[in-house]
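Working through the structure, step by step
One-letter residues, chain by chain:
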Amino acid sequence: MSAAAAVAILAGSPGAASPSPGAADVGDPYIKGAGNGGYDVAHYDVALAYAGVKTGAVEATVTVTAAATQDLSAFDLDFRGPEVTAVSVDGRPARHGRAGQELVVTPSEPIRAGRTFQTTVRYAGRPQPVRNGTFGTYGWTPSKDGAVVASEPDGASTWLPVNDHPGDKATYAFHITVPKGLRAVANGRPGPVRPGGATTTYEWAEGAPMASYLATVAIGRFEVRRTEVDGVPVVTAVDPAFRASAKRLESTTARMLRWAAPIFGPYPFATAGGIVDDPKLGYALETQERPLYGGFAPDEGFIVHEMAHQWFGNSVGLARWQDIWLNEGFATYAEWLWRERTGRDSAEKIFKRYHAQPGGSPIFRPPPGAPGAGKMFGFSVYIRGAMALHALRKRVGDKAFFAVLRAWTAEHRHSTATTPQFVALAERVSGQRLTALFQAWLYAETKPRIR
Ligand code: ARG
Ligand code: ZN
């Protein structure tokens, strides 16, 4: 029984608990304050007009379609964007207030559990990125000729009112209006381009469930290329400063798609591509269907890594941030497999080279299965995470190992999953007891021994 139900019974009102506010947090210990309770989002409709680099201002109307998971007297959205000018729920004006990164919405009447409701938030002003020592610069980030969004782990709230936790995936529609001469690129499938007077509106639609940190829009000047791989449209957009890399981005993305499908299972999305923009973020992000490379021309390894995330991280998503190795270890291992495919290198050689490093190296510490929030994107999550997969491969053999990868992407397609679920699946598919192996590779403080 929930605490609220217990209180209702004590108060002598059996049956439905009285409506109460949704939780301000989903309780993920890695990212405090992120996500909210009491509802489950199905869709975000994002209409955003960008004024230009001079002001960097936006005017936006975002409609969030969600289902209540309890009787709600009020609920929160995560939002650290500019001034909120109006909020309505199902067309009726709603009270709203801001507390830190929370936008607290009180509808004119309570929302019954199970009901689908629409919250419309209007806001205007200049969004800002988050900057911190742990995750660098992320969220809505100004560029030389516009702006670009890369939000992992909790930067989506810099530009959207959102349930900002990967456990609540939703579909998205983007209607982005920009001054004539600029372009807007986002996730998913491109729609019609609508010329206005002094503006152009670009439509994009992400039709598969997507975690909020994977939502992106890139505004500015871009060299856009379109091709198709096995029926999947590939759209790339490259800032003119990186023009020389446009062809390589397109061709490597295409080669990766053809190579990966037999190994990881069918590509999980409707379109693919990539975006190279100028802000020097120092990282790339696997923004759904269209990874973003922040301020550098990506080499093959980078492209393979971000594309691998489309299977591992995006389609099979995280239920909690602690399991980040399910994203980064897998995407790193995909790079090793890509190098192995030519026969010039092998995952085994790469694994051995790393294993020769001292136990105190950051490639081994902290253990990748519980890295702590500060080391979510540390070397050990990527490298020891990939080594864990190679250790699994050596134990169960290639046939079972690749069957495990494909069962993982098939069984959790467009959903979320956890490390214990991966261990259970690997045991089931291989028919072996693997708890000790994963304990040693994911959780033990000390560098695992190999034979
Ligand atoms: N998932 C990205 C990658 O490995 C890393 C994102 C890091 N995020 C950040 N705010 N620094 O491809
Ligand atoms: Zn990654």
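Heads up: these notes are all about the structure in this document. (Residues numbered from 1 in each chain as written. Chains lettered and ligands numbered in written order. Predicted model: local features only at pLDDT ≥ 70, side-chain atom pairs only at ≥ 80, totals over all residues. Heavy atoms only, no water.)

**Let's talk about the overall build of the chain**
- Within the chain, the secondary structure is distributed over 9 helices and 24 strands.
- On C-alpha atoms alone, the chain measures out to a radius of gyration of 23 Å, which is about the 22 Å that the 2.2 N^0.38 rule sets for 451 residues.
- Expressed as lengths along the three principal axes of its C-alpha atoms, the size of the chain is roughly 65 × 65 × 40 Å.
- Burial status across the chain gives 56% buried among its 451 residues.
- Here the analysis covers contacts within the chain between residues at least 6 apart in sequence; of these, 67% occur between residues at least 24 apart. (Helix = DSSP H or I, 4+ residues; strand = E, 2+ residues; numbered from the N terminus. Rg over C-alpha atoms; globule rule 2.2 N^0.38 Å. Buried < 20%, exposed > 50% of the residue type's maximum accessible area, 1.4 Å probe, protein only. Contact = heavy atoms within 4.5 Å.)

**Here we look at the site of ligand 1**
- The full set close to ligand 1 counts 13 residues, and F135, E152, E286, E306 and Y382 are the nearest of them.
- The side chain of E152 places a nitrogen or oxygen atom 2.6 Å from a nitrogen atom of ligand 1.
- Interatomic distance of 2.8 Å between a side-chain N/O atom of E286 and a nitrogen atom of ligand 1.
- Summarising the interface, the protein chains cover 93% of the accessible area of ligand 1, which totals 350 Å² for the free molecule.
- Taking a 2 Å distance to the grid points as the criterion, the majority of the atoms of ligand 1 fall inside the largest pocket.
- Residue assignment for the shell around ligand 1 shows that the elements contributing at least two residues are β21 (284-285) and α3 (300-311).
- Element by element, the count of residues in the shell around ligand 1 is highest for α3, at 3 residues. (Near = heavy atom within 4 Å. Polar contact = N/O pair within 3.5 Å; in protein donor to acceptor, adjacent residues only side chain to side chain. Areas by Shrake-Rupley, 256 points an atom, 1.4 Å probe, with all protein chains shown as cover. 1 Å grid on protein atoms, 1.4 Å probe; cavity = no way out; pocket = protein on both sides within 12 Å on 5 of 7 lines; lining within 4 Å. Sits in = over half its atoms within 2 Å of the grid points.)

**Details of the pattern of salt bridges**
- As enumerated under the stated definition, the model contains 16 salt bridges in all.
- Note that R225 and E250 form a salt bridge whose closest N and O atoms lie 3.4 Å from each other. Linking R225 in strand β18 (residues 223-229) with E250 in helix α2 (residues 246-264), this pair joins segments that are 25 residues apart in sequence.
- For R225, a relative accessible area of 23% corresponds to the partly exposed category.
- Across the pair D398 and R393 runs a salt bridge whose closest N-O atoms are separated by 2.8 Å.
- Judged by its relative accessible area of 9%, R393 is buried. (Salt bridge = Lys/Arg side-chain N within 4 Å of Asp/Glu carboxyl O.)

**Notes on the pairing of strand β20 (residues 272-277)**
- Along β20, 6 of the 6 residues are buried, which leaves the element largely enclosed by surrounding structure.
- The two faces of β20 match: A272, G274 and V276 on one face and G273, I275 and D277 on the other face are all buried.
- For strand β19 (residues 232-238) and β20, the ladder comprises 5 bridges, and the chain directions are parallel. Paired with A237 across the bridge in β20 is I275.
- As a crossover connection, the stretch from β19 through α2 into β20 is left-handed.
- Examined bridge by bridge, β20 and strand β22 (residues 292-294) share 3 bridges and lie parallel to one another. Residue pairing across strands places D277 opposite G294, the latter belonging to β22. (Pairing = 2+ DSSP bridges. Right-handed = clockwise from strand over helix to strand, strands pointing away.)

**Side note on the pairing of strand β13 (residues 170-179)**
- Counting buried positions along β13 yields 8 of 10 residues, so the element is predominantly enclosed.
- Sheet topology note: the strand β2 (residues 39-50)/β13 ladder contains 7 bridges and is parallel. Pairing of L48 across the sheet is with I176, part of β13.
- Sheet topology places β13 next to strand β16 (residues 199-210); 9 bridges connect them, and they run antiparallel.

**Some thoughts on the sheet that holds strand β12 (residues 147-150)**
- Read across the open sheet, the 5 strands follow the order β10-β11-β12-β17-β14; overall the sheet is antiparallel. Each edge of the sheet is formed by a strand with only one pairing partner; in this case those strands are β10 (130-132) and β14 (183-186). On average, adjacent strands in this sheet sit at an angle of 25° to one another, irrespective of strand direction.
- Looking at chain direction, β12 and strand β17 (residues 217-220) are connected through 2 bridges and run antiparallel. Bridged to A147 within β17 is I219. (Axes fitted to C-alpha atoms, helices over the stretch in contact; angles between N-to-C directions.)

**A word on the coordination of the zinc ion (ligand 2)**
- Every protein donor of the zinc ion (ligand 2) is listed here as H305 (NE2), H309 (NE2) and E328 (OE), and their distances to the metal cover 1.9 to 2.0 Å.
- Positions of the donor residues of the zinc ion (ligand 2), expressed as sequence spacing, correspond to H-x3-H-x18-E. Remark: E328 occurs in helix α4 (residues 325-340) and H305 occurs in helix α3; sequence separation between them is 23 residues.
- Of the residues examined, H305 reaches a relative accessible area of 5% and is grouped as buried. (Donors = N, O, S within 2.8 Å, 3.2 Å for Na, K, Ca; no water.)

**Brief notes about the packing of α3 against α4**
- Two numbers describe how α3 lies on α4: the axes approach to 8 Å, and their chain directions differ by 130°. One element, α3, and the other, α4, form an angle in the oblique class. Once α3 is placed against α4, the crossing between them reads as right-handed. On the side of α3, the interface is formed by E300, G301, V304, H305, A308 and H309, while α4 contributes N327, E328, A331, T332, A334, E335 and W338.
- Across the contact of α3 with α4, the residue classes break down as 5 nonpolar, 5 polar and 3 charged. (Parallel < 35°, antiparallel > 145°, perpendicular 65-115°, else oblique. Left-handed = near helix turned anticlockwise from the far one by under 90°. Nonpolar A, V, L, I, M, F, W, Y, C, P; charged D, E, K, R; others polar.)

**Re the packing of helix α6 (residues 379-396) against helix α7 (residues 398-411)**
- Relative to each other, α6 and α7 sit at 130°, their axes nearing to 6 Å. With respect to their mutual orientation, α6 and α7 come out oblique. Seen from α6, the contacting residues are L389, L392, R393 and V396; seen from α7, they are D398, A400, F401 and F402.
- Of the residues in the contact of α6 with α7, the class split is 6 nonpolar, no polar and 2 charged.

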